[in-house]
Structures are given as C-alpha cells and as structure tokens.
Amino acid sequence: MEGVPEPHSPAAPAAAPAGTPEAEHEPAGKPREACGVFGVYGPGRSVAHLTFDGLFALQHRGQESAGMSVSDGSELLTVKDMGLVSQVFNEYRLAGITGDRAIGHTRYSTTGTSTWHNAQPVYRAGGDTAFALAHNGNLTNLDGLSAEAGMFPDTHANDRDSTSDSDMIAELLAQHLDRHHGEDLVDALMAVLPKLAGAFSLVLLETDRVIGVRDPNGFRPLCLGKLDEEGWVLASESPALDVVGAPFVRELEPGELLVIEADGQRSLRPWPPEAIDPKLCIFEFVYLARPDTRLYGQELHHARIRMGEMLAETAPIDADMVMGVPDSGLPAAEGYARRSGIPYGQGLVKNRYIGRTFIAPDQVQRSEGVRRKLNPLRDAIAGQRLVVVDDSIVRGTTTRALVRMLREAGATEVHLRVSSPPYRWPCYYGLDTGSRSQLIAANLDVSEICEYVGANSLAYLSLEGLKEATGAPRAGFCDACLTGNYPVAVPKTDVEMAFLGTPITRAS
C-alpha cells in the first residue's frame, strides 16, 4: 500500500509536472475494453431477439459497433454495422433474421481504425465449411502469424487491434480447412489454437453448431447458461444469460473448447495441461465487468464494496462525506463509508446517454467531456470535506478536471481514494490504455499525482488488498498493468524498454 501524502490545499490545480500526459491525446480516462461476445444454440427457437437482448446486456463492453451471425441450419447470415446495439438492430431488421443458432459481438473503440470492416462477427469459408467468429481479447504474436498466413504484413504494424487479431484467427482456420480436406472446424481449431498467444475468448458459428473457446490463461471471461431443454447460451458476462432466461451453469475453464451441437455439448482441450495457467484480468473485478456479473464464483458488486472497506482501513481521513464517481466507483464508496463511519452521499449526477468514454480532438474538449458526463450536486458538495472514491486513475486528465469541478461547486477539501493500485503498465491482452508515457503513475509518484490532479490527499488500494477483496485471492489473476509482470510474452524489444524505464508503445 502506498502511503497517503500529506494533505495540502491548493487554490487551483497545479500546473502539469514534467512527464505528465497533459499534452497527450487522451481517448479515455479509463482502461477501454475491446468487446463482448455472445452465442446461443436454441433448437426450434428464433434466436435473433435473444442475441439482441444478450448484446444489449453487454453494451458496456463495446459501443462502437455491433453485429450478429445467425444460422437457419443451411445458411449463415451476418448483419453488422457501426453504432450501439439499439442503433444497429431494430424490430424491422430483427424480423428479417431467422435461425435458431447465433453468435453476436459488440466492439469498443481501440487504436485501430473505426470502420465497418472492423465490426464483427468475421465470416470465412474454407474447404467445405463456412463459419463466423467473434473475438474478445488481443493476440501478442501477430507478426509470426502474419508470416504464416501470408496476410497483413504491413497493416499489423500500424493497426494492432483485436479486430485484426480476429481476421487473423479466421484466416488461419480457413487456410487449414482448405489444406486439409475432410477435416471440420473443430479439427482446425485443435490445430490452430495452440499457435495463438495472448488473450482470446471466442464464439464461433457453423450452420449446425455453436463453439466457445477460452485461451489457456483465461484472460477474458466467458460463461455458459442453460436455455430450456436443449438450448445453451455463451456470454462474456453472466447478466447476458440472466436477461435471456438462461440460468448460469459455469464459467468456461481456461484452455477449454466447448462444442454445442445436436448431440449435446462436449469439451475438448487443445492445449497440454502444463500450458494452463489461469490469469483472469483483475480489472474485470475493478471496473470492466458489470457489478451483477459473477466471476470466480463472486458477485462483483460485493467485491467492490470490500475494496472500499479495505481502503477505509488503510487510508483513513477526517471528512464530512464519502461520494463515488459513477458508476464503478459507487460500490467502493459505499464500502468506504460503511467502514469509516463517514456519511455516504451522492455528489455527482451522470448523464446516462453518454457511454463509458468521451473522445475529443483537443485538450479543451476533453476537459469539457467530464462536464458532459458528470454534473455536481452543489447543495450536497458546498462547504464539505469530501472523500471521492474512484476505481482507477489512468492518464490523470479526467481526474484533474473532476477535482476542479468539485472545488468550483464549493468543496473545501477533496481527498481521492482509488480502489486499485497505480496503473503503470500498458495492457497487451485486450485493453486499450495507450503507451507507458501516457500512464500518469508510470511517470509520477503518488504525491506528484496528488499535486497534479489538485487533490488534498490521494491513496490507492494495495495489490494484496485488491486480490483479497475479490473473494478469490488465489484463483489466478493477470496484474501486468499494475506490476509489469506479463504472464504471456510481449514483443521482446518492448519488454526490454519497459524494464529500463523507457516509455513503451502499444504492440500486438
């Protein structure tokens, strides 16, 4: 646990210290997830509406594009477009999509281009097999795979996002099917999957079956639900099962390939036992997943409350009110108030029609983006010493604008409490966090961050406290963004630069 800096009372936020990302392009104030996936096998049912509902429940994981592929038993139809799920699909469009098997995808904006081509699912045909694929995650060995597949030799150097990864996986599968006549998609998966490195939770659709895959580290979540007598549902998060009436059965295990077909379901293991090493992204617990999601048998809302309780124990402060930054900071704020005895209150109102991020071309507009998303309750804030609980500080610019806004609303003190450790390292496994030079905690210590954002004090939850708060501290987590310990190798030059303290750029 990093110590709490001595309180100070700046009249206004200090100028950005050397090394802060003030002048950098800041696409978001939080880590940005790559996408959510959904699959349904529902014999005798029209599943387009179920897929819509499932994707709608996963909208928080992706707000750039949405799509679904549906099979009627003889043909695959893929419909995808840019926009939110409710913008891409309406009753008229859904009425024309028939079939009882489907997969769906909702995508978040990443460093790649924002075009229709990057929407998913991806369609491919190889040999006698046609299939669609949707992917959540990020591969770390694209260059080697590109050479093997003979595709995208230049594109990947400048567009290392999850959609290019998805194209690559689909292309490798199609090429295998072209070369090995008589083999089916499951055979191709068994051959191709062990070649992939990095994070990938996949759903695939053929005319007669639905397939789910989770990489041997289980970086990204994927779970299974039961739909009626013969139906099954796959989803990135369990609330998508709830909304379609498919009770949660279990999480797919790391390294599992699950085939759902007319004869039932069967699990295959493309990787040897020694390759299986569970490393679920710890930020799923902190921020990424919905609070009603269950991971490692734990409901995330209660885990986030425990994070706040631990913060109150390790970073106490004398204050008048505890408030959270909507939405993912609210449970931790509730826990902080409960354990500290300081009254809990609402200090910010969120505009529900703005998504998880705000993208703007210049610094002035990025700062204004905070006001578009959040507005202070002045009567609740004025004259108060505030404990403000948030889940993370990534680049710092958004937090700085928030502190300024609270002071302008009349807060006499602003004490920041963060329910995760300092975010210091880029993610290579499916989050878009930018380069290390853009991560404020990679360049400044806690007291310097506190001064930069204009707070009276700042404290983070320790890594040990965070893992304990999950309720499954020994289940296996990836914490590379907090520690720099990457469980799957990233490009060698990047690792060398990172550990020499040189800012590294996002790679495959």
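First, a word on scope: everything that follows refers to the structure included in this document. (Residues numbered from 1 in each chain as written. Predicted model: local features only at pLDDT ≥ 70, side-chain atom pairs only at ≥ 80, totals over all residues. Heavy atoms only, no water.)

## Overview of the pairing of strand 6 (residues 122-126)
On strand 6, burial follows the alternation: Val122, Arg124 and Gly126 on one face are buried, whereas Tyr123 and Ala125 on the facing-out side are not. Linking strand 6 to strand 7 (residues 129-139), which pair antiparallel, is a turn of 2 residues; within it Gly127 sits at a positive phi near 60 degrees. (Buried < 20%, exposed > 50% of the residue type's maximum accessible area, 1.4 Å probe, protein only. Helix = DSSP H or I, 4+ residues; strand = E, 2+ residues; numbered from the N terminus. Pairing = 2+ DSSP bridges.)

## Some points on the environment of Val325
For Val325, the position within the fold is in the loop between strand 18 (321-324) and helix 11 (330-340). Given the relative accessible area of 7%, Val325 is considered buried. Note: C-alpha distance between Val325 and Gly347 (22 residues apart in sequence) is 8.4 Å. What Val325 contacts, discounting residues up to four positions off in sequence, is Leu330, Leu348, Leu374, Val388, Val389, Asp390 and Leu402. (Contact = heavy atoms within 4.5 Å.)

## Considerations on the packing of aromatic side chains
For any two aromatic rings, the description comes down to two numbers: the centre-to-centre distance and the angle of the planes. Applying the stated criterion to the full structure yields 8 aromatic pairs. Ring geometry for Phe283 against Tyr423: centres 5.1 Å apart, planes inclined by 80 degrees, an arrangement best described as edge-to-face. Of this pair, Phe283 sits in helix 9 (residues 283-288) while Tyr423 is found in the loop between strand 22 (413-418) and strand 23 (431-432), placing the two residues 140 residues apart along the sequence. By relative accessible area, Phe283 is classed as buried at 0%. With a centroid separation of 5.6 Å and an interplanar angle of 80 degrees, the aromatic rings of Phe285 and Phe477 are classed as edge-to-face. A residue pair is termed long-range when its members are at least 10 positions apart, and Phe285 in helix 9 and Phe477 in strand 25 (residues 477-478) qualify at 192 residues. Summarising the burial analysis for this pair, Phe285 and Phe477 share the class buried. Three or more aromatic residues joined by ring pairs make a cluster, and in this case those are Phe219, Tyr428, Tyr429 and Tyr486. Directly above the aromatic system of Trp232 lies the positively charged group of Lys226, at a separation of 4.7 Å from the ring centroid. (Phe/Tyr/Trp six-rings, centres within 6.5 Å; stacked < 30°, edge-to-face > 60°. Lys NZ or Arg CZ within 6 Å of the ring centre and 35° of its normal.)

## Examining the packing of helix 10 (residues 300-314) against helix 11
Running from amino to carboxyl end, helix 10 crosses helix 11 at an angle of 45 degrees, the nearest separation of the two axes being 6 Å. With respect to helix 11, the axis of helix 10 lies oblique. Classified by chirality, the crossing of helix 11 by helix 10 is right-handed. In contact with His301, Arg304, Ile305, Gly308, Glu309, Leu311, Ala312 and Glu313 of helix 10, helix 11 contributes Pro331, Ala332, Glu334, Gly335, Tyr336, Arg338, Arg339 and Ser340. Here the residues of the contact of helix 10 with helix 11 are counted per class, giving 6 nonpolar, 4 polar and 6 charged. (Axes fitted to C-alpha atoms, helices over the stretch in contact; angles between N-to-C directions. Parallel < 35°, antiparallel > 145°, perpendicular 65-115°, else oblique. Left-handed = near helix turned anticlockwise from the far one by under 90°. Nonpolar A, V, L, I, M, F, W, Y, C, P; charged D, E, K, R; others polar.)

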